[in-house]
Amino acid sequence: MSWHPPLWNYTDNAGTPWRVRWAWPDKEPGEYLLEVVTAGRPGVRGAHLSQGHFELLPEDDPQLPALRTERQRGEIISHWPYMRAIIRAEGCYIKIFRPGGAAVPAERCALMDRLLDAGAFTAPKLLRSSPDTLVLSALSGPTLGEIGEDYVTVGDKEFAGAWEKWSRAWLAQLSAASEVSRRTILGAMPVHSPEAEANAAARWLKRWLRHTENVPELSTQRATLMAMADYVTANLLGSVPDPLVWAHGDLHDRQIIAGDVRSPFGLLDFDDAALAEAARDLAYLDFHLERRLRRNSLTPARYLKAHSEVLAVARQLQVSPDRFDAYSDARWLRLACSSLPSGSSLATRVLEERVRHRQSFGFTPLAASQSLGSRN
């Protein structure tokens, strides 16, 4: 079987060029679902790639029936075909799920409305909900990610100030969430354990291995990733976990709204909120910063400032460095299993660099009870 991984650019049958933003493996090897954009047309479209053949999908996603009516209200800014979509409308954002899929996210929004410390962070208000849609108020202001990539209107001093404010707010939020008065709220949240993290990484790896099974040129990378999976699992499951705390679940710098100097920061997207080790949120955030650095969208000076603030928060929260590294490695492993070869190659190199660096200091991870490559 010839290997046809997703490329960054395609042209449809009408001659329109499209750029790929995201890619996900579809059910069969060699088939992928894509999110694509084109110049002069607002929003995004879904597309399908089968053995290198590119085809736009209908705008009305059959697995997301609410999209047919809701897309008339604004611009589709995110679309994972057959799974979910986000529409930017006037003063709000509309999240589209499969029928019945909005129930759990709606519950998480309600919990966050009670849990967030208004002095540290604010969150979008749930304006309307149905079994398959959530309508959330818009928060004004740029994200920390946008600030980091703005070298025209945002100076390094302003960038540093924004990250210092984030660190104070994050510590305040974790402290407020641990108060006795909020224990009932925390008790209603799901638990994301180290085992759950290992299983999630295993699912990503299993899909990647399935789609690259008969690709001779990837045999070395396959062997490397399976070895890295064992290494990641050993780190996740082979040491004592830190205490569980409130966790955002998918924290990165484009989920954090900086706002202005007078207002609290904002947080977006609580679909994955849970009880987890504090290391998980912080390692995920740090992963996104390092990825931007390696893709040259963040200068070394700005990266070091933001990275230093993340590590300072980790020390204040008494996060074990080993647990931070374990979750960071797990996140890089997921990127190594990306459908886009550039992301996969980058993450594989990062993981190899980390292993060599630790081995040079005599570090050997504890043996895990089961290798990630063999997990279901």
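As the structure is a prediction and not an experimental result, all values here were calculated from the model.

Novice: Explain the packing of helix H6 (residues 194-211) against helix H10 (residues 321-336) to me, using residue names and the numbers behind them.
Specialist: Where H6 meets H10, the closest approach of the two axes is 9 Å, and the angle between their N-to-C directions is 20°. With respect to H10, the element H6 is oriented roughly parallel. Here H6 runs over H10; the crossing is left-handed. Residues Pro194, Glu197, Ala201, Trp204 and Trp208 of H6 pack against Arg323, Tyr327, Ala330, Leu333, Arg334 and Ala336 of H10. Split by residue class, the contact of H6 with H10 holds eight nonpolar, no polar and three charged.

Novice: Any chance you could break down the sheet that holds strand S2 (residues 17-25) for me, citing the residues and the numbers?
Specialist: Paired through their backbone hydrogen bonds, the strands of a sheet run either parallel or antiparallel. Spatially, the five strands line up as an open sheet ordered S1-S2-S3-S4-S5, and their pairing is antiparallel. Edge positions in the sheet fall to strand S1 (9-11) and strand S5 (53-56), since each has one partner strand and no second. Neighbouring strand axes in the sheet, compared pairwise and without regard to direction, differ in orientation by 40° on average.

Novice: Run through the state of the cysteines, naming residues and quoting values.
Specialist: Within the structure shown, the criterion is met by zero disulfides. Between Cys109, a free cysteine, and Cys92, which holds the nearest cysteine sulfur, the sulfur-to-sulfur gap is 13 Å. On the basis of relative accessibility, which here comes to 14%, the residue Cys109 falls in the buried class.

Novice: Tell me about the nonpolar core, and name the residues and values.
Specialist: Phe121, Trp166, Trp170 and Trp246 are the most contacted members of the largest nonpolar core, which totals 71 residues. Counting 13 residues, the second largest nonpolar core, distinct from the first, contains Val37, Val44, Ile87 and Val135.

Novice: Please give an account of H10 that cites residues and values.
Specialist: Working note: α-helix, 3.6 residues per turn, so residues spaced by three or four point in the same direction. For H10, built from 16 residues, the straight-helix expectation of 22 Å at 1.5 Å per residue is met to within 8% by its first-to-last C-alpha distance of 22 Å. Within H10, 13 of the 16 residues are buried, which leaves it mostly tucked inside the rest of the structure.

Novice: Summarise the sheet that holds strand S8 (residues 92-97); cite the residues concerned and give the values.
Specialist: The strand order across the open sheet formed by five strands is S6-S7-S8-S11-S10, and the pairing between neighbours is antiparallel. The two strands at the open ends of the sheet, each matched to only one other strand, are strand S6 (74-80) and strand S10 (126-130). Each strand of the sheet is rotated relative to its neighbour by a mean of 15°, with strand direction disregarded. For S10 and strand S11 (residues 133-137), the ladder comprises four bridges, and the chain directions are antiparallel. Bridge assignment links Ser130 to a residue of S11, and that residue is Thr133.

Novice: An account of the confidence of the model for the protein chain is requested, with residue identities and associated values reported.
Specialist: Of the residues in the protein chain, 95% have a pLDDT of 70 or more, and the chain-wide mean is 91. When the criterion is pLDDT under 50, residues 366-376 qualifies, and its contacts beyond four places in sequence or with other chains add up to 23 contacts.

Novice: Please provide a residue-by-residue account of the pattern of salt bridges, values included.
Specialist: Evaluated as defined, the whole model comprises 26 salt bridges. One salt bridge in this structure joins Lys305 and Glu164, with 2.9 Å as the shortest N-O distance. Of the two residues, Lys305 sits in helix H9 (residues 300-316) while Glu164 sits in helix H4 (residues 156-177), which places them 141 residues apart along the sequence. Here Arg294 ties to Glu353 by a salt bridge, and the two come within 2.9 Å at their closest N and O atoms. Of the two residues, Arg294 is situated in helix H8 (residues 278-294) and Glu353 in helix H11 (residues 341-360); the sequence distance between them amounts to 59 residues. Assessed through its relative accessible area of 33%, Arg294 is described here as partly exposed. Judged by relative accessible area, Glu353 falls into the partly exposed class, the value being 34%. In the salt-bridge network here, residues are joined through shared partners; they are Glu290, Arg294, Asp325, Asp329, Glu353, Arg354 and Arg358.

Novice: With reference to specific residues and values, describe the pairing of S6.
Specialist: One ladder, built from six bridges, connects S6 with strand S7 (residues 84-89); its direction is antiparallel. Following the sheet pairing, Trp80 is matched in S7 by Arg84. Two successive antiparallel strands, S6 and S7, enclose a turn made up of three residues, where Tyr82 displays a positive phi of approximately 70°.

Novice: Tell me about the packing of helix H7 (residues 219-237) against H11, residues and numbers included.
Specialist: Geometrically, a packed helix pair is captured by the angle between its two axes and the distance between the axes. Close contact between H7 and H11 brings their axes to 11 Å; oriented N to C, the two are set at 55°. Taken together, the axis directions place H7 and H11 in an arrangement best described as oblique. Once H7 is placed against H11, the crossing between them reads as left-handed. Residue-level contacts link Gln221, Thr224, Leu225, Met228, Tyr231 and Asn235 of H7 to Ser344, Ser345, Thr348, Leu351, Glu352, Val355 and Arg358 of H11. Of the residues contributing to the contact of H7 with H11, the split by class is five nonpolar, six polar and two charged.

Calculation rules
- Residues numbered from 1 in each chain as written.
- Predicted model: local features only at pLDDT ≥ 70, side-chain atom pairs only at ≥ 80, totals over all residues.
- Heavy atoms only, no water.
- Axes fitted to C-alpha atoms, helices over the stretch in contact; angles between N-to-C directions.
- Helix = DSSP H or I, 4+ residues; strand = E, 2+ residues; numbered from the N terminus.
- Parallel < 35°, antiparallel > 145°, perpendicular 65-115°, else oblique.
- Left-handed = near helix turned anticlockwise from the far one by under 90°.
- Contact = heavy atoms within 4.5 Å.
- Nonpolar A, V, L, I, M, F, W, Y, C, P; charged D, E, K, R; others polar.
- Pairing = 2+ DSSP bridges.
- Disulfide = S-S within 2.5 Å.
- Buried < 20%, exposed > 50% of the residue type's maximum accessible area, 1.4 Å probe, protein only.
- Core = buried A, V, L, I, M, F, W, Y, C linked by side-chain atoms within 4.5 Å.
- Expected span 1.5 Å × (residues − 1).
- pLDDT = per-residue confidence, 0-100.
- Salt bridge = Lys/Arg side-chain N within 4 Å of Asp/Glu carboxyl O.

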